[in-house]
Amino acid sequence: LLLHADMTIGNLECVIATQGTAEDKPYTFRAPTQALPILKKYFTALSLANNHSGDFGKKAFIQMLDLLNLHQISYFGGGYNLRDSHKPLIKEIKGKRIGVLGYDGFFPRNFEALPEIPGVAWLDEEHVVAGIKQAKQKLGVDFLIVYPHWGWERNKIASDRQRRMAHLMIDSGADIIVGSHPHVTQDIEIY
């Protein structure tokens with residue numbers, strides 16, 4: 001099924017690395033490097049913007065970025081610094097420029113990318129609006145997908161903050177918001 005889509009994006013909710021030490025948190029996820037060819041086969045791009053990208057620290061995260069680049073696996077929502085992490089992924093599909101931006105809105109926030117520090121793109125209003133406007137107005141994206149990692153686990157109804165942020169994203173130029181994290185399907189809104 002995944003092989004037949006024009007574009008398949010997924011949430012890589014782990015780190016792919018052999019380095020690093022597990023953070024002090026209830027759940028830490030790391031995948032073996034053998035997963036890379038499988039991901040490359042089935043996914044156009046992967047979101048790194050989630051609460052498990054930093055489970056084994058900066059060293060493991062940097063190794064994962066290097067491995068993804070080495071295997072030519074596209075990713076978004078994370079990078080070697082703040083600018084990298086907020087850069088949209090853009091693919092040309094059937095004559096249209098499709099853009100994807102990923103943001104992590106679920107704690108811990110300590111793995112947020114900073115100007116000179118690797119990490120994930122944090123779901124911050126200022127950065128989100130700037131990223132959307134840059135993708136649509138400056139980079140000529142025809143259709144923009146925003147892929148936030150947000151919402152409380154097992155809550156089937158989006159929170160007021162999620163709804164408010166989604167409206168802000170659409171008002172700023174996003175065409176669709178597809179969220180992840182709650183482990184259940186949340187409600188859908190046409191806005």
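Our structure is the block above this text.
Owing to the predicted nature of the structure, the values given are computational and were not obtained by experimental measurement. Residues take numbers from 1 onward in each chain, read along the sequence in its written order. Local features in this predicted model are restricted to residues whose pLDDT is 70 or higher, and side-chain atom pairs enter the listing and the counts only when it is 80 or higher, whereas totals over whole chains, interfaces and linings include all residues. With hydrogens and water set aside, each side-chain value is computed from the structure's full complement of heavy atoms.

What am I meant to see in the packing of helix α4 (residues 125–138) against helix α5 (residues 160–172) here?
Two quantities define a packed helix pair, namely the angle between the helix axes and the distance between the axes. Relative orientation of the contacting elements α4 and α5 amounts to 30 degrees, with a least axis distance of 9 Å. Put simply, α4 runs roughly parallel to α5. Like other packed secondary-structure pairs, α4 and α5 cross with a definite hand, here right-handed. Of the residues in α5, those touching α4 at Glu-125, Val-128, Val-129, Ile-132 and Lys-133 are Met-165, Leu-168, Met-169 and Ser-172. All axes are obtained by fitting lines to C-alpha atoms, using only the stretch in contact for helices, and the reported angles, taken between N-to-C directions, cover 0 to 180 degrees. Where helices and strands are cited, they refer to DSSP runs of H or I of at least four residues and of E of at least two residues respectively, numbered from the N terminus. Roughly parallel covers angles under 35 degrees, roughly antiparallel covers those over 145, roughly perpendicular covers 65 to 115, and oblique covers all other angles. Crossing handedness: left-handed means the near helix sits turned counterclockwise from the far one by under a right angle, and right-handed means the same turn made clockwise. Contacts are assigned to residue pairs that have any heavy atoms within 4.5 Å of one another.

What should I look at first to understand the sheet that holds strand β1 (residues 9–11) in this one?
Sheet strands line up and pair through hydrogen bonds in the backbone, either parallel or antiparallel. For two strands to pair, DSSP has to find at least two bridges joining them. Strand order in the open sheet made by the three strands is β1-β4-β5, with parallel pairing throughout. Because the sheet does not close on itself, it has two edges, and the strands there are β1 and β5 (74–76). Taken over all neighbouring pairs, the strand axes of this sheet differ in orientation by 30 degrees on average, direction set aside. Pairing of strand β4 (residues 45–47) with β5, which is carried by three bridges, proceeds in the parallel orientation. Bridging from a neighbouring strand, Ala-45 pairs with Ser-74 of β5.

It is not clear to me how the sheet that holds strand β11 (residues 176–177) should be interpreted in this structure. Could you clarify?
Read from one edge to the other, the open sheet built from four strands follows the order β7-β8-β10-β11, with strand pairing classed as mixed. Looking at which strands have only one partner, the edges of the open sheet turn out to be β7 (89–93) and β11.

Teacher, can you tell me more about the nonpolar core here?
Among soluble globular proteins, nonpolar side chains are generally buried collectively. The criterion is simple. A nonpolar core is a set of buried Ala, Val, Leu, Ile, Met, Phe, Trp, Tyr and Cys residues joined through side-chain atoms within 4.5 Å. Only protein chains enter the accessibility calculation, which uses a 1.4 Å probe; a residue whose area is less than 20% of its type maximum is buried, one above 50% is exposed, and one in between is partly exposed. Counting residues in hydrophobic clusters, the biggest one holds 21 residues, and the most contacted among them are Leu-12, Ile-16, Leu-48, Phe-61, Met-64 and Leu-68. Broken down by element, the residue count for this core peaks at six residues, all from helix α2 (residues 57–70). Non-local contacts of Leu-48, meaning those with residues more than four positions away in its chain, are made with Leu-12, Ser-53, Phe-61, Met-64, Leu-65, Leu-68, Tyr-75, Phe-76, Gly-77, Gly-78 and Val-120. Counting 15 residues, the second largest nonpolar core, distinct from the first, contains Tyr-103, Val-128, Ala-135 and Val-146.

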